[in-house]
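Letter by letter, the chains look like this.
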Amino acid sequence: MNKRNLIIGIIALGISLICLIPASAAGFSPQNDALPDYFDFSDNYYTAYGGPDVSATIVGDNEFYRGDSVTLNINLMNKGVITGFRSEKDDDPVDVLDQKLQQEEMSYESQRTTAIGIVAILTSPDPNVEVKSGPQEAGSLATGEQTTSPVKFNIDFSNNAPSGDYPLILSLYYGYQKNVQVSGDNETSLGVTNMDVGLWYDVGSQNVTIPVNVKREAQFEVTNVSGQLAVGEEGMLHVTYTNTGNEPVKDAIVRISAANPFSTTDDQAYLGDLDAGESAVAVFKLKVGDSAVEKPYAINSEIKYEDTKGHDRVSDNVKIKTQVSASSNTYTGGLMLPAGFAIAALVIGAIVLYMRRKPGQKPEE
């Protein structure tokens, strides 16, 4: 996650909090060591302890294959609890008005565990897993509530990601009610007159580890290529495939894509069963077109196989690097070999006939 997305997340959190703060809490301050201007501890009856506790779980499977691009669905749940209260006026006499105000403040203090305007940011410490999504808003959660729909993050797994666990970090930011004070003029049959409620909000944060896993699987590489291919000719190509992954395969079959200038009447070869680290040789008969250029070429291939769970799988594209050389039937002078031999034979024959002629004998007409 880059700095720009982090800034966007903090801005989104601020906007969410501003929209959700009650009008009576206009003096909201996000600093732990600063109180709103209107807040007076002499009118504060209780200090509550505890707060939001947001947990996160993946919805669905958390195991993927290298090279996958997936959407990760994460469910949030607030398990926050009030861990205790401290009375701030133990020594003061309690009259009817104080009793009523204490009851009112206690009811507000219980809302301390609500997580307001949650913003979730997912990051990956490992470069083999890339998080493509920015900050996600998850709304507000009271204690015991969970998101009605999961927050979604798009992630990409590298094609070269080794199998194993990749812990992702889910950072959660939210507002919560830090403290409450209530005041009023008098207790009447209709309730407390001129009662005022002051709410102090703060910003909380949590980091939750989200584990994802890259599955063990087979992986193939071309470890050797032999054979000669020449312009305009047909040749045999011997290709060694090695299972460089960490899972065995069964009944592996390799298929090549014989694109121009190559053509073939048999584009498949059987590799059989391969344990991790084992190799097998595939043989292909290829025809090289007359218009081919003498240079290196890469031929695409893929392997179809059965994995350890009995599922049919197809590997990523595996390239076969080979070389096309000049035709074996040509001289650099441009004469075809058979024609060159014929001309040489005619010259040698004429010389032999001349040497066998008798002295004074004229050449035959």
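No experiment lies behind these values; they were computed from the predicted model shown.

**Here we look at the sheet that holds strand β18 (residues 262-263)**
Here comes step 1: The strand order β14-β16-β20-β18 describes an open sheet built from four strands, whose pairing is antiparallel. Each of the sheet's edge strands pairs with one partner strand only, and the pair in question is β14 (220-226) and β18.
Here comes step 2: Bridge analysis of strand β16 (residues 234-243) against strand β20 (residues 279-288) gives nine bridges, and the strand direction is antiparallel. Bridge pairing links T240 to V281 in β20.

**A few points about unusual backbone geometry**
Here comes step 1: Omega for the bond connecting N260 with P261 falls within 30 degrees of zero, at 15 degrees, which places this linkage in the cis form.
Here comes step 2: Tracing the backbone through its elements, the reader meets P261 in the loop between β17 (249-257) and β18.
Here comes step 3: With a phi close to 50 degrees, D251 is a non-glycine residue in the positive phi region.
Here comes step 4: Relative to the assigned elements, D251 resides in strand β17.
Here comes step 5: Its relative accessible area of 36% is what places D251 among the partly exposed residues.

**A few points about the pattern of salt bridges**
Here comes step 1: Evaluation of the coordinates by the stated rule reveals four salt bridges.
Here comes step 2: A salt bridge links R66 to E217, with the shortest nitrogen-to-oxygen separation between them at 3.0 Å. Taken together, the residues R66 in the loop between β3 (63-64) and β4 (69-78) and E217 in the loop between β13 (196-214) and β14 connect sequence positions 151 residues apart.
Here comes step 3: Note that R216 and E247 form a salt bridge whose closest N and O atoms lie 3.2 Å from each other. With R216 in the loop between β13 and β14 and E247 in the loop between β16 and β17, this residue pair connects regions lying 31 residues apart in the sequence.
Here comes step 4: For E247, a relative accessible area of 18% translates into the label buried.

**Quick word on the packing of aromatic side chains**
Here comes step 1: Summed over all chains, the structure comprises three aromatic pairs.
Here comes step 2: The residue whose ring lies beneath R313 is Y65, and the NZ or CZ to ring-centre distance is 3.9 Å.

Basis of the calculations
Residue numbers run consecutively from 1 along every chain, following the written order of its sequence. With pLDDT at 70 or above as the cut-off, local features in this predicted model cover only qualifying residues; side-chain atom pairs require 80 or more to be listed or tallied, and sums for whole chains, interfaces and linings still use all residues. Only hydrogens and water are set aside; all other atoms, that is, all heavy atoms of the structure, feed into the side-chain values. Strand pairing requires that DSSP identify at least two bridges connecting the strands. Counting from the N terminus, the helices are DSSP H or I runs at least four residues long and the strands are E runs at least two residues long. With a 1.4 Å probe rolled over the protein chains alone, any residue whose accessible area is under 20% of its type maximum counts as buried; one over 50% counts as exposed, and the rest are partly exposed. Any carboxyl oxygen of Asp or Glu that lies within 4 Å of a side-chain nitrogen of Lys or Arg is treated as forming a salt bridge with it. Each Phe, Tyr or Trp ring, with Trp reduced to its six-membered ring, pairs with another whose centre is within 6.5 Å; inter-plane angles below 30 degrees give stacked pairs, above 60 give edge-to-face pairs, and intermediate values give tilted ones. Charge-over-ring contacts are defined here by two conditions on Lys NZ or Arg CZ: a distance within 6 Å of the ring centre and an angle within 35 degrees of the ring normal.

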